[in-house]
Amino acid sequence: MSRQPSKDTAAELAVRRLLHAAGLRYRVEYPVPGMARRRIDVAFTGARVAVLIDGCFWHGCPVHATQPKANAEWWRNKLDRNMARDRETTAHLVAQGWTVLRFWEHEDPDSVAAQVSATVEQRRTERTRGRTR
């Protein structure tokens, strides 16, 4: 497990490159407010948009997840805890007013970047309208 990258994965880097090329600026590995040892992969703090790109194995992708045969019970518990932590983190961020976008590592980076860009733009527009009223 220690050899598996937990940050700066190929999927994250591809999406970040596209977002940066589109002129968007963001924070990487941003701490989840109020939750120790949890991070947002790509955070737009002003717009309060959290982007999390989950690995298929570690986060239980319904399409690509596999079940290890060796030490199966331990792995099942480990992966179930990961998925429960994901749900808890998402709920916490939403309660704090963040928009949470979760993607799988196998999703097309162009599509992910387009969805993120649209959401960030929408949130920025909403926040600007709220200030002018």
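Presented here is a report on the structure given in the accompanying data block. Within every chain, residues take consecutive numbers counted from 1 along the sequence as written. In keeping with the predicted nature of the model, local features appear solely for residues at pLDDT of at least 70, side-chain atom pairs appear and are counted solely at 80 or more, and the whole-chain, interface and lining totals rest on all residues. In computing side-chain values, all of the structure's heavy atoms are included and hydrogens and water are not.

### A look at the packing of aromatic side chains
Then step 1. In summary, the pairing rule links any two rings of Phe, Tyr or Trp, Trp by its six-membered ring, whose centres are within 6.5 Å, and it sorts them by plane angle into stacked for under 30 degrees, edge-to-face for over 60 and tilted for everything else. Applying the stated criterion to the full structure yields 6 aromatic pairs.
Then step 2. A ring pair is formed by W74 and W75, whose centres lie 4.9 Å apart and whose planes are at 90 degrees; its orientation type is edge-to-face.
Then step 3. According to the relative accessible area criterion, W75 is buried, its value standing at 17%. Residue burial is assigned from relative accessible area. The probe radius is 1.4 Å, only protein chains are included, and a residue is buried under 20% of its type maximum, exposed over 50%, and partly exposed in between.

### A few points about unusual backbone geometry
Then step 1. The backbone of E29 shows a phi angle near 55 degrees, a positive value even though the residue is not glycine.
Then step 2. Positive phi, close to 55 degrees, is recorded for N71, a residue that is not glycine.
Then step 3. Under the scheme used here, helices are H or I runs from DSSP no shorter than 4 residues and strands are E runs no shorter than 2 residues, and both carry numbers assigned from the N terminus. For N71, the location among the structural elements is in the loop between α2 (56-59) and α3 (72-95).
Then step 4. In this structure N71 comes out as exposed when scored by relative accessible area, which is 52%.

### Let's talk about the pairing of strand β3 (residues 49-54)
Then step 1. Summarising burial for β3: 6 of the 6 residues are buried, a large majority.
Then step 2. Side-chain alternation along β3 places V49, V51 and I53 on one buried face and A50, L52 and D54 on a second face that is also buried.
Then step 3. In this structure, strand β2 (residues 39-44) lies alongside β3, joined through 3 bridges in antiparallel fashion. By the bridge assignment, A43 is partnered in β3 with A50.
Then step 4. Each pair of strands is called paired provided DSSP finds at least two bridges between the two strands. What sits between β2 and β3 in their antiparallel hairpin is a turn of 4 residues, with R48 showing a positive phi close to 55 degrees.
Then step 5. As paired strands, β3 and strand β4 (residues 99-104) are joined by 6 bridges and run parallel to one another. Of the residues in β4, the one forming a bridge with V51 is L101.

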